[in-house]
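# Chains, contacts and geometry: an overview
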Amino acid sequence: MSGSDVPNTISLTKFISKLPVFLTGTPKRVKGMYLANRKSGDHAVGLGVCLEKACKSNPTGVALIYQDREYSYARFNAWVNRIVYSLAAMGTKKGDVVAILVENRPELLACIAAIAKLGAVSALLNTSQRGAVLKHSVELVSPSRIIVGEELFDACEKISECLPNDWNSRLYLPDSDTSSVKCESSKIPEGWCDFAADIAKQHNENPRYTNRARGGEAFCYFYTSGTTGLPKAAILTHGRFMKAYGGVGLACLQLKPSDRAYVTLPFYHGTALVIAWGSVISGSAGLVMARKFSASQFWPEIQRTKATAICYVGELCRYLLALPPSPDDKKHRVHTMFGNGLRPNLWTGFKERFGIERVMEFYGSSEGNVGFLNIFNHDCTVGFTTVPYAIVEYDLEESKVVRGRDGFLKKVRKGESGLLLGEITDKSPFDGYTDPEKTEKTILRNVLKMGDAWFNTGDLMRDQGFNHAQFVDRLGDTYRWKGENVSTTEVENSLNLIDQILDVVSYGVEIPNTNGRAGMVSIRLKNGEVFDPDLFYKHSIENLPHYAVPVFLRISSHMETTGTFKYKKTDLKKASFDLSIVDDPVWVKLPGEAKYQALNSKLEAKMIRGDIRF
């Protein structure tokens, strides 16, 4: 599908044509929407409640598959219960924050579920973070305990001074199967608790704590770049989990106990943890969990595990399309894919090549109060929403919303794009961040009338009509690359520590045939300094998450600023790495290479043609 063929609006005829399929499964949809939109009240809700319900309805069914391990709902739930009793015996109580630094493996999910049953709060540390960024994330939430996997112990040990240090506050999990009551203990670092051994001694019965969780209480913290600065801890409540469980799982995806959803995304993100796992549990279905994404192993693993659904982000789909066509492309059981970021120019090609019937694209953020879901299975849309929202005019040049003479914002017309806002109401609250000041900065007031309040998503969306929208791009000081949000301020703060650099400006630029934006920085050196690419690479790789390490460097002789001394990022983004426009030297870090090299016209042509794939 070419850019000109992408449907930007949805016609009445097309909308009506989808209604018969939508009406099937109505009882589940009604129940799901009820659970998703029910006010917090005095109801027992959340992951723990939902897991126990799935276990009761399908105890012998497959709950989780990971590599060569397979767990029934009864076995997994019993393991979770042992973790609950272990944490409770150590003094963990409702409302306590427990930080978790464990890669994708069953231990991560079992710990999150146990903490939810206990009524405590999981702080889901990003496993890519290192050094000062990881230290900041820990200090931001002041955890009473931290659970660390053997695979990430070295990263944690380097910030040891900021970790909780009370009795049994540092819990160590070997990188092996720790679910067995007969699990063998490995060597435990000094000062750390052998968490697996303690868990093995506990009871299997459902704890009394589970039914104490209420919709308005915090379930977990997700770390988000937001629009600026170091990571912020976004609050996700048990009620928000129920919106995914009911609104996505029951009302839309409607997975069955015979279904298995394959997920390669990190479970410290909401897409995998809340949308994917929540939807799986809602159908008492099976979750197939991968340690990490591998394009070459993706379809073989789906065939091996008999998966029927896949969870995706747009970059994942592009990697799979880049594989050489194979006669086995359609030899699988997958009927549904759900996720976000599938670009319109890849949409039809992916469905046709791999024989996927249904694409349930959705839009949302960990902290946001507005979400869309492609419930009617239209092409090239993030779908439909029932929550109050507005797509308003936005001035890209000035980087601000446009207010009319009356002082209010103006909605765009059908087919036009603008800034997406979610109205903050009792039914669509904005829970915000742990920092009230950062919460307030994300709110726009007096938008359509005096006294109203709206969550600023920071995203450009196109109004397609019939309460449908199409994602266009991210705004502000954050761009998306490799499935992660990159904070330009975080990049700039880190690189400014390099002694030879005077100024640095970070931004995202597009590379043809890729999803998201690759990191680029414009650098001005101190007088007399000569750019050292090896020093720059070493500093970047040691101090930034891998997805935030810049792909392109521009060594600028000067930096243009506005009248208020803000860097003109719009001009830098437009010039990108185009050597016909940029007179300054440009350097590039090519995929798989541990260095920067000077960009020349031959390399640039290869990137534009897609011969070099990022």
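Residues numbered from 1 in each chain as written. Predicted model: local features only at pLDDT ≥ 70, side-chain atom pairs only at ≥ 80, totals over all residues. Heavy atoms only, no water.

### Some details on unusual backbone geometry
At Gln67, a position not held by glycine, the phi torsion is positive, near 50 degrees. With respect to the secondary-structure elements, Gln67 resides in the loop between β1 (62-66) and β2 (69-72). In this structure, Asn168 takes a positive phi of about 55 degrees despite not being glycine. Position of Asn168 among the secondary structure elements: in the loop between α8 (153-157) and β6 (170-173). (Helix = DSSP H or I, 4+ residues; strand = E, 2+ residues; numbered from the N terminus.)

### Regarding the environment of Asp395
With respect to the secondary-structure elements, Asp395 resides in strand β18 (residues 394-395). Residues Asp395 and Gly418, 23 residues apart in the sequence, show an inter-C-alpha distance of 8.7 Å. Excluding its chain neighbours within four sequence positions, the residues that come into contact with Asp395 are Lys400 and Val402. (Contact = heavy atoms within 4.5 Å.)

### A short note on the sheet that holds strand β30 (residues 597-598)
Read from one edge to the other, the open sheet built from 5 strands follows the order β26-β27-β28-β29-β30, with strand pairing classed as mixed. Each edge of the sheet is formed by a strand with only one pairing partner; in this case those strands are β26 (501-509) and β30. Two strands pair when backbone bridges link them, and strand β29 (residues 586-588) and β30 are joined in this way by 2 bridges, in the antiparallel orientation. Within β30, the position partnered with Trp587 by the bridge is Ala598. Across the sheet, helix α16 (residues 488-495) is in contact with β26 and β27 (518-525); its angle to β26 comes to roughly 155 degrees. (Pairing = 2+ DSSP bridges. Axes fitted to C-alpha atoms, helices over the stretch in contact; angles between N-to-C directions.)

### What to know about the packing of aromatic side chains
The full count for this structure, using the stated rule, is 25 aromatic pairs. For the pair Tyr262 and Phe298, a centre-to-centre distance of 5.1 Å together with 65 degrees between the ring planes defines the contact as edge-to-face. Pair noted here: Tyr262 is in strand β10 (residues 260-263) and Phe298 is in helix α12 (residues 295-305), with a separation of 36 residues, a long-range link. Its relative accessible area of 0% is what places Phe298 among the buried residues. (Phe/Tyr/Trp six-rings, centres within 6.5 Å; stacked < 30°, edge-to-face > 60°. Buried < 20%, exposed > 50% of the residue type's maximum accessible area, 1.4 Å probe, protein only.)

### Side note on a positive patch on the surface
A contiguous patch of positive charge, built from Lys28, Lys31, Lys53 and Lys256, is present on the exposed surface. In this fold, Lys256 is placed in the loop between α10 (238-253) and β10. (Patch = residues over 30% accessible without salt bridge, like charges linked within 9 Å, V, L, I, M, F, W, Y side chains within 5 Å. Areas by Shrake-Rupley, 256 points an atom, 1.4 Å probe, with all protein chains shown as cover. Salt bridge = Lys/Arg side-chain N within 4 Å of Asp/Glu carboxyl O. Lys, Arg positive; Asp, Glu negative; His and termini not counted. Charge placed at Lys NZ, Arg CZ, Asp CG, Glu CD.)

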